[in-house]
Amino acid sequence: MANNSGPSRREAMRLKAEAEEARGRRNARILWVSLGAVALVVVVILAMVIVPTLTSQTPAAEQMRPPNATENSGIEIVSKEVEPAADAPHLKIYEDPQCPGCAATENTYGSAILQLVDQGDITAEVISAHFLDGIIGNDASERAAMAMAAADEVGRFREYHSIMYANQPTEGAGYTEQQLRVDVPTEAGIEGADLERFQKLYDSQAFAAFVDASDEQFETDEIAGTPTYSVGGETLTFFDRETNEVLIQPTAEELLDAIEEANT
């Protein structure tokens, strides 16, 4: 869940420089990604990488922002039931769509977060990075982030976000176009004219600039790793890395207690 182990920031900067030289791409931010107590280290050779063609295509001339975009270039998880309390704590979720720890945390705590949002107890936003693209040698994180933005445009961001992580491919495999364009949106309840619009926005990369801004915000905020759940500048710690003890149980009540404590 939280960031257990992985490359240091100095090592991250070294790999970033190699990536820029070898592939001519912009920044590849390497951070540590972990799942539970087991370190999940991405081993990559950055030379002679062939990247899928989507990111080399020209994005749509008319760039868009999702309807629930935040000032942090995140996407707000909107309640479909209530307005949040005026003093509700705000949860920032920093993630990379290919990060196994992000999937594990979402699959464990996602429903509790949605419950708290729907009760008006908290507000929450997702800020998506795509540094793992440069490490793994694909563009799956960037494509997934654009797909989530397109899902927000048709009113299904929270559903798409949950289902995408529930079906995250094996580490390094990357999301396929079939998954992002058809399987996940269909399971998320996007259909008919909404599905056609979703696919058109995704195919044209209408949210490319927004996704890049979100990735840049991740770096600007100097986030140490993914996933990071932050409240009032304080990072939530879900378990003890030394003992593997779970510190926040995956219930709405315990999660709210942790959020309120961090917000004081």
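None of the values given here were measured: they were computed from a predicted structure.

Enquirer: Got a minute to help me understand helix H8 (residues 208-220) in this structure?
Expert: The terminal C-alpha atoms of H8, which comprises 13 residues, lie 18 Å apart, in line with the 18 Å expected from a rise of 1.5 Å per residue. Lining the buried residues of H8 we find strand S3 (75-76), strand S4 (90-95), strand S5 (123-128), helix H3 (131-136), helix H4 (140-153) and strand S6 (225-226). Just downstream of H8 lies Glu222, where phi reads positive at about 55 degrees.

Enquirer: Would you mind going over the packing of aromatic side chains with me for this structure?
Expert: Here a ring pair, both rings aromatic, is described through the centre-centre distance and the interplanar angle of the planes. According to the stated counting rule, one finds 6 aromatic pairs in the structure shown. With a centroid separation of 6.4 Å and an interplanar angle of 10 degrees, the aromatic rings of Phe198 and Tyr202 are classed as stacked. Of this pair, Phe198 and Tyr202 both sit in helix H7 (residues 192-203), 4 residues apart, which is roughly one turn of that helix. With respect to class, Phe198 is no different from Tyr202; both count as buried. Following the ring pairs from residue to residue traces out a cluster consisting of Tyr94, Phe131 and Phe218.

Enquirer: I tried to follow the nonpolar core on my own but got confused; where do I start?
Expert: By size, the foremost hydrophobic cluster in this structure holds 61 residues, and its most contacted members are Ile77, Leu91, Ile113, Tyr160, Phe198, Leu236 and Leu255. Broken down by element, this core gets its largest block of residues, 8 residues, from helix H2 (residues 100-118). Once you skip the residues sitting within four places of it in the chain, Leu91 turns out to touch Ile113, Ile122, Thr123, Ala124, Glu125, Tyr229, Ser230, Val231, Leu236 and Ile259.

Enquirer: Just to check I follow, could you spell out the pattern of salt bridges for this structure?
Expert: Here the structure, examined in full by the defined rule, presents 7 salt bridges. One salt bridge connects Glu153 with Arg197, and the closest N-O pair in it is separated by 3.2 Å. Taken together, the residues Glu153 in helix H4 and Arg197 in helix H7 connect sequence positions 44 residues apart. Taking the shortest distance from any N to any O, the salt bridge between Arg181 and Asp203 comes out at 2.7 Å. Here the residue Arg181 occupies a position in helix H6 (residues 177-187), and Asp203 occupies one in helix H7, the gap between them amounting to 22 residues. Residue Asp203 is classed as partly exposed on the basis of its relative accessible area of 37%. One salt-bridge network, held together by shared partners, links Lys80, Arg156 and Glu159.

Enquirer: How do you make sense of the environment of His161 when you look at a structure like this?
Expert: Structurally, His161 can be placed in helix H5 (residues 157-166). Between the C-alpha atom of His161 and that of Ala103, which follows or precedes it by 58 residues, the distance is 9.9 Å. Among all residues touching His161, those that are not within four sequence positions of it are Glu95, Glu106, Val126 and Met148.

Enquirer: Looking at this structure, I do not really get the confidence of the model for the protein chain. What am I missing?
Expert: Detailed conclusions should not be drawn from predicted coordinates in areas where pLDDT is low. Looking at the protein chain as a whole, its pLDDT mean stands at 83, while 77% of the residues score no less than 70. Ignoring residues within four places in sequence, the model shows residues 1-17, a span with pLDDT below 50, making 46 contacts including any to other chains. Within the model, pLDDT remains below 50 along residues 19-56, and this stretch shows 106 contacts once partners closer than five positions in the same chain are excluded.

Enquirer: I'm lost on the pairing of strand S7 (residues 228-231) in this one. Help?
Expert: Each regular strand carries side chains that alternate between the two faces of the sheet. Judged by which residues are buried, S7 turns out to be covered on both faces: Thr228 and Ser230 on one side and Tyr229 and Val231 on the other are all buried. The pairing of S4 with S7 spans 4 bridges and is classified as antiparallel. Bridge pairing in S7 links Tyr94 to Thr228. Bridging between S7 and strand S8 (residues 234-235) involves 2 bridges; their strand directions are antiparallel. When the sheet's bridge partners are listed, Ser230 is paired in S8 with Thr235. Hairpin connection between S7 and S8: a loop of 2 residues separates the two successive antiparallel strands, and Gly232 in this loop has a positive phi of roughly 55 degrees.

Enquirer: Just to check I follow, could you spell out unusual backbone geometry for this structure?
Expert: Look at the link from Thr226 to Pro227: it is a cis peptide, with omega at -5 degrees. If you trace the backbone, Pro227 turns up in the loop between S6 and S7.

Enquirer: Even after reading the chapter, I still don't get the pairing of S4, so can you show me in this structure?
Expert: Of the pairings in the sheet, the one linking S4 to S5 comprises 6 bridges and is parallel in character. In the strand pairing of S5, Lys92 is matched with Glu125. Following the backbone out of S4, through H2 and into the adjacent parallel S5, one traces a crossover that is right-handed.

Parameters at a glance
Residues numbered from 1 in each chain as written. Predicted model: local features only at pLDDT ≥ 70, side-chain atom pairs only at ≥ 80, totals over all residues. Heavy atoms only, no water. Helix = DSSP H or I, 4+ residues; strand = E, 2+ residues; numbered from the N terminus. Expected span 1.5 Å × (residues − 1). Contact = heavy atoms within 4.5 Å. Phe/Tyr/Trp six-rings, centres within 6.5 Å; stacked < 30°, edge-to-face > 60°. Buried < 20%, exposed > 50% of the residue type's maximum accessible area, 1.4 Å probe, protein only. Core = buried A, V, L, I, M, F, W, Y, C linked by side-chain atoms within 4.5 Å. Salt bridge = Lys/Arg side-chain N within 4 Å of Asp/Glu carboxyl O. pLDDT = per-residue confidence, 0-100. Pairing = 2+ DSSP bridges. Right-handed = clockwise from strand over helix to strand, strands pointing away.

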